[in-house]
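Secondary and tertiary structure notes
Chain residues, written in single-letter form:
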Amino acid sequence: GSTLNYYECNSDETKHDTTLPELCAGGEYDVIVTGYYSIPEPVQRAAEMYPDQKGILFDCSVDYSLPQCKNIASFTADQNTLAFMAGALAALMTTETSDPHINADKVVGWVGGGENTALDDYLIGYIQGVHSVDEDINILVSWIGDFKDTAKGKELAVAQANQGADVIFSVAGVAGLGTLAGCAESNVYSIGVDSDQYTVLLPTDPTTAANICTSMYKKANVTVSTLLSMALEGTLEWGHYEKWGLQEGVVGIATDNDNYQTIFSDEMKAQIEQVQADATAGKLEIKSA
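Okay, so let's go over this structure. (Residues numbered from 1 in each chain as written. Predicted model: local features only at pLDDT ≥ 70, side-chain atom pairs only at ≥ 80, totals over all residues. Heavy atoms only, no water.)

**What to know about the sheet that holds strand β4 (residues 107–112)**
Taking strand neighbours across the sheet as the criterion, the six strands line up as β5-β4-β6-β7-β8-β10 in an open arrangement whose pairing is mixed. Each edge of the open sheet carries a strand with a single partner, namely β5 (138–143) and β10 (251–253). When strand polarity is set aside, the average angle formed by the axes of neighbouring strands in this sheet is 15°. Where strand β6 (residues 167–171) meets strand β7 (residues 189–194), three bridges bridge the pair, whose relative direction is parallel. Looking at the pairing, I168 lines up with S190 of β7. In the packing of helix α5 (residues 150–162) onto the sheet, contacts are made with β4, β5 and β6, and the angle to β5 comes to roughly 160°. (Pairing = 2+ DSSP bridges. Helix = DSSP H or I, 4+ residues; strand = E, 2+ residues; numbered from the N terminus. Axes fitted to C-alpha atoms, helices over the stretch in contact; angles between N-to-C directions. Contact = heavy atoms within 4.5 Å.)

Dropping the structure here:
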């Protein structure tokens, strides 16, 4: 019985400050849903003009010291915990020298898109996860500078592989597709993000998919549908921020595909499952940006 209108700014951040007020001005929407790192300030400005409009943000948060944000509910995924698991997984991989993709050096990589708090959260969690397995593992860190430049993403992956990295975690949106391709070209493993990138890429780019050992995913569909249901039921707390993760079932490791099942030994799978169990139970003190 609901009606949905969908607006796409095509990654053009200059459109945020015009699109949001236009949507609010008509007063026709019970709630407006939007997200990602570049949107909080435009939302705050629109909320100041239209303080009665309710909004839901995912993967970011507004400044709740501002009075106009009383009708905005914000959510972020527990990406630092997710990245901790990616780090532990990468560390286990780089020490498994019987695999032909793995060299004798204990070096892993991380390639990020544009630097922001969410990406810093990923990076901090990843570093901590790697060093929770072995403090002597060297971690190479590279920034693409945006989330679109696939050529730069590929270049950085190849450069890290040339410096000894044999597992590279890519958190870079579309630009990350270049990172994954660079890992395949260099015959090292990649870790995808946001969705099961092995399964997604396999039909169209099996060469790149073959080197994706797993992915750290966010179930944005579950998050948004849950928040909207709460809003319609009247149980969503407005003017409030929450962080959801493993316990809420909105983040996790992509294990249900052939690559993961083939690449990781039973012993490594058991170790990864234990890390996930400890994180879910709140036994790990994982740092955050």
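**As for the environment of L228**
Structurally, L228 can be placed in helix α9 (residues 220–233). Overall, the relative accessible area of 29% leaves L228 in the partly exposed class. For the pair L228 and D78, spaced 150 residues apart in the sequence, the C-alpha separation amounts to 19 Å. Excluding residues within four positions of it along the chain, L228 makes contact with V31, V33 and I56. (Buried < 20%, exposed > 50% of the residue type's maximum accessible area, 1.4 Å probe, protein only.)

**A short note on the packing of α5 against helix α6 (residues 175–186)**
The geometry of α5 relative to α6 is characterised by a closest axis approach of 6 Å and an angle of 35° between their N-to-C directions. Here the hand of the crossing between α5 and α6 comes out right-handed. Across the interface between the two elements, T150, G153, K154, A157, V158 and A161 from α5 touch A175, G178, T179, G182, C183, E185 and S186 from α6. (Left-handed = near helix turned anticlockwise from the far one by under 90°.)

**With respect to empty space enclosed by the protein**
Tallied over the entire structure, the rule returns one cavity of 30 Å³ or more. The computed volume of the largest cavity comes to approximately 120 Å³. Of all the secondary structure elements, the ones that give two or more residues to the lining of the largest cavity are α1 (16–25), β1 (32–35), α2 (40–49) and β2 (55–58). For the lining of the largest cavity, a count of residues per class yields ten nonpolar, three polar and one charged. (1 Å grid on protein atoms, 1.4 Å probe; cavity = no way out; pocket = protein on both sides within 12 Å on 5 of 7 lines; lining within 4 Å. Points joined across faces, edges and corners; volume = space filled by probe spheres on them. Nonpolar A, V, L, I, M, F, W, Y, C, P; charged D, E, K, R; others polar.)

**Observations concerning the environment of D194**
Here D194 is to be found in strand β7. Take D194: its relative accessible area is 37%, and that puts it in the partly exposed class. Excluding its chain neighbours within four sequence positions, the residues that come into contact with D194 are Y122, M216, Y217 and K218.

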